[in-house]
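# Summary of the model geometry
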Amino acid sequence: MKRLTWFALAFTLIATGFAAKTPYQAVLQHSRIRGRSHGPNVCAMQNIQGSDKKYFTNCKQWYHRKICGKPTVVTYECCPGYEKVTGEKGCPAALPLVNIYKTLGVIGATTTKMYSERANLQEEIEGPGSFTFFAPSNEAWAALPTEILDALVSNVNIELLNALHYHMINKRLTSDDLKHGASFPSMYQDLNVHIQHYSNGVVTVNCARLVKTDQHATNGIVHVVDRVITAITNNVNSLIDTDDDLDTLRTAVAAAGLTSLLENEGSYTIFAPTNEAFEKIPPETLTRILGDPLALKDLLNYHILKSLHCSESIVAGTPMETLQGTVLEVGCDGEEMTINGKAIVTQRDKLGTNGVIHYINELLIPDSAKTLMELAEGSVVTTASKLFKDAGLTDHLIGSEAVTLLAPLNDAFKDKSLAMTPDMKKLLRNHILKERFSSKNLYHGQELETLGGVKLRVFVFRNSLCIENACIAADDKNGRFANMFIINKLLTPPMGTVMDLLKADDRFSTLVGIIQRAGLTELLNKKGTYTFFAPTNAAFSAMPPADLSKLMRNPKELANLLKYHIGEEFLVSGAVTSHTRVTPLTGDKLELGTRNTTVYVNRVPVVEADLMATNGVVHAVDVIVKPLRKAVISKYHKLMTAKLWRFICFGYSFDFCCGISV
């Protein structure tokens, strides 16, 4: 029975979802469904704790119980157009259908009702007609600065009447009619009001959010809004031109040739850096950008979104595309509007005829306007940035050379000496490629020449793209003249063959002798792409002496043992994932995996990975690698599969209302 009830609810949820005409109707229906257990026509609302802001709930908010990063409390209220009846559950009664003037009182917009009477608007909104009234809430009127409110009500009521008429449209418009990007002539000099109907269900008029919609009246309809709106007559360029706080921005816009863009028709969001924001930038950086037309244009376009977003439309962090081509993460933290996680918006919602301006006190510099040094500073590669400076490589990182910087993560330098020795300087020169590359154009087997004259090899794996032992750990950083690849470790260019490498390392002295005895010296010196899980002296010392002695007397068995440690294909540690397999020169496949950054081969830990050679890579092991029993392999795969599914499914359940796993 419970199962039938669940599927019935699921069917209702899906059916109502398809029936929704607009994003607003979709969230309203979702709120109805969440409130249905409290009676007919009850809607679930999310109230941000510590504020009076309420929202109809959508799926994501319902589960996260957060709006703008702040916890919410779910309350249950009558859906628009309904009211409670004493002694009955829910909100079974429709609100009385009366004229707009009386409707204002019924829905609690009593201040607007009072000012309508004072402005001699009462007779008009009681009489015949078909109006839409965007009525400011009581809180909206209270939030107006005293001097503005005094000016409205003191000028023989003319200004107040004009202001109220600007909130009215001479036809009935339901929320379904309020389409995204629409404009309608108001009843004040036919000046337009501007509608935005966002995909998250938020509807705004001149950036004021509709908090109670579709309150029907005999002579029209009322939508309660959360602020008093003002007439819009200027485009965004005019707004910038007339604001002394935006002097530097105005000069930059003209220099970049963007004036006509901001004067023409459009629907933009501009994050306008104030004079203070420009002053925070180091003078040499600002001078360089202002003197570089391409960098300046990228800088300014990075502050302009392709679509209009009022602050009230933002209820969670969302990536939004800029005219520059990359995205900004626009979000909110309580009452603060944020950009890329930072609360730098100082003034919001200055609306023009072709967009909206939000003032910011910090300049947003896109990667495409930065030098390599600027890309590296303030990121996850600051240690490398300092080392490049100390190595005397600054000129390559601040100039206009078309190079590619291979910048190791800060974690790559843990437990490593940072002393600027000649060897370190040489190594760092080999982290700068002579050409500007995109990782998307790299291919397996490609060779990349460094400033130090070394040719680095590219290895393409299923889930990794690596240059020698270092794998690319993040998206490319594409600067003004050069690019940066963030890599997971310091590069170690190959210094010789596998055999040369083993001979040069005292840990492998026993192994070198055994290789020679087994007749594999030539194999490990010739051209190839071997992966050698090389046993150290400790691995052989751990063998019972009798077993080692017996093995040493049988060169063929010795060769087979070593060949089981040598893979046919090249594999660095950064390319190892769950269920990675390597085919050895003899025997069953080797089973690889990782745990806490350590690579394991047949459950044997690799004590040092990625010793690079011209014909392969060596991974040191302190234990002889032996074949896993079939039963163990099967059990291992089942365990890893179970862990994978547990990771995927942990904390997730399916919600038919959302149609997603949540």
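Residues numbered from 1 in each chain as written. Predicted model: local features only at pLDDT ≥ 70, side-chain atom pairs only at ≥ 80, totals over all residues. Heavy atoms only, no water.

## Quick notes on helix α11 (residues 247–255)
Structural remark: α-helix, 3.6 residues per turn; residues separated by three or four positions point the same way. All of the buried residues in α11 are L249, A252 and V253. Seen end-on, α11 carries its buried residues on one side only, within an arc spanning 100°. More than 90 degrees from the buried face of α11, the exposed residues found are T251 and A255. On its buried face, α11 is in contact with α10 (236–241), α12 (259–263), β14 (268–273), α13 (275–279), α14 (283–290) and α15 (293–301). The first or second residue beyond α11 is G257, which carries a positive phi of 70°. (Buried < 20%, exposed > 50% of the residue type's maximum accessible area, 1.4 Å probe, protein only. Helix = DSSP H or I, 4+ residues; strand = E, 2+ residues; numbered from the N terminus. Arc of directions from axis to C-beta. Contact = heavy atoms within 4.5 Å.)

## As for the side chain of S137
Examined against the element boundaries, S137 turns out to sit in the loop between β7 (131–136) and α7 (138–143). Given a relative accessible area of 10%, S137 falls into the buried group. Leave out the neighbours within four places in its chain, and S137 touches V224, V225 and D226.

## What about the UniProt feature "domain: FAS1" (unreviewed entry) in the protein chain?
Per the UniProt annotation, the sites labelled "domain: FAS1" (unreviewed entry) are residues 94–229, 233–364, 368–491 and 495–625. Helix makes up 32% of residues 233–364 and strand 28%, with an end-to-end C-alpha separation of 28 Å. Between the end C-alpha atoms of residues 495–625 the distance is 26 Å, and the span holds 34% helix and 28% strand. (UniProt positions renumbered as here; feature names shortened; annotations may be inferred.)

## So, the side chain of N483
For N483, the position within the fold is in strand β28 (residues 483–487). Since its relative accessible area comes to 5%, N483 is described here as buried. For N483, the side chain forms a polar contact with the side chain of N478, separated by 3.2 Å. Look past the residues within four positions of N483 in its chain and what remains in contact with it is L372, V403, T404, L405, R436, F437, S438, K477 and N478. (Polar contact = N/O pair within 3.5 Å; in protein donor to acceptor, adjacent residues only side chain to side chain.)

## Looking at the layout of surface pockets
Reported here for the second largest pocket is a volume of approximately 1300 Å³. Together, 37 residues line the second largest pocket, and K416, N469, K489, L490 and A609 are the ones closest to its centre. Going through the elements one at a time, α19 (422–429), β33 (598–601) and β34 (604–613) are the ones with two or more residues in the lining of the second largest pocket. Among the elements that make up the lining of the second largest pocket, the one with the highest residue count is β34 (7 residues). When its residues are assigned to classes, the lining of the second largest pocket shows 17 nonpolar, 11 polar and 9 charged. (1 Å grid on protein atoms, 1.4 Å probe; cavity = no way out; pocket = protein on both sides within 12 Å on 5 of 7 lines; lining within 4 Å. Points joined across faces, edges and corners; volume = space filled by probe spheres on them. Nonpolar A, V, L, I, M, F, W, Y, C, P; charged D, E, K, R; others polar.)

## Quick look at the environment of N58
Along the chain, the position of N58 falls in the loop between β2 (54–56) and α3 (59–64). For N58 and N200, which are 142 residues apart along the polypeptide, the C-alpha to C-alpha distance reads 7.8 Å. Excluding anything up to four places from it in sequence, N58 contacts V27, H30 and N200.

## Side note on unusual backbone geometry
Positive phi outside glycine occurs at Q189, with the angle close to 55°. Residue placement: Q189 occurs in the loop between β9 (183–185) and β10 (192–197). Residue classification places Q189 among the exposed positions, given a relative accessible area of 59%. Here E468, not a glycine, exhibits a phi torsion of approximately 55°, which is positive. Relative to the helices and strands, E468 is located in the loop between β25 (465–467) and β26 (470–471). The exposure class assigned to E468 is buried, which follows from its relative accessible area of 0%.

## Focus: empty space enclosed by the protein
Scanning all chains against the criterion turns up 4 cavities of 30 Å³ or more. Here the largest cavity is characterised by a volume of approximately 170 Å³. Around the largest cavity sit 16 residues that line it, and Y55, F56, G201, V202 and R209 are the ones nearest its centre. Across the lining of the largest cavity, the residue classes tally to 10 nonpolar, 4 polar and 2 charged. The calculated volume of the second largest cavity comes to roughly 100 Å³. Taken together, 13 residues line the second largest cavity, and the ones lying closest to its centre are K53, C68, S311, I314 and R348. Among the elements of the structure, β17 (327–333) and β18 (336–339) are those that each provide at least two residues to the lining of the second largest cavity. Among the residues making up the lining of the second largest cavity, the classes are represented as 5 nonpolar, 3 polar and 5 charged.

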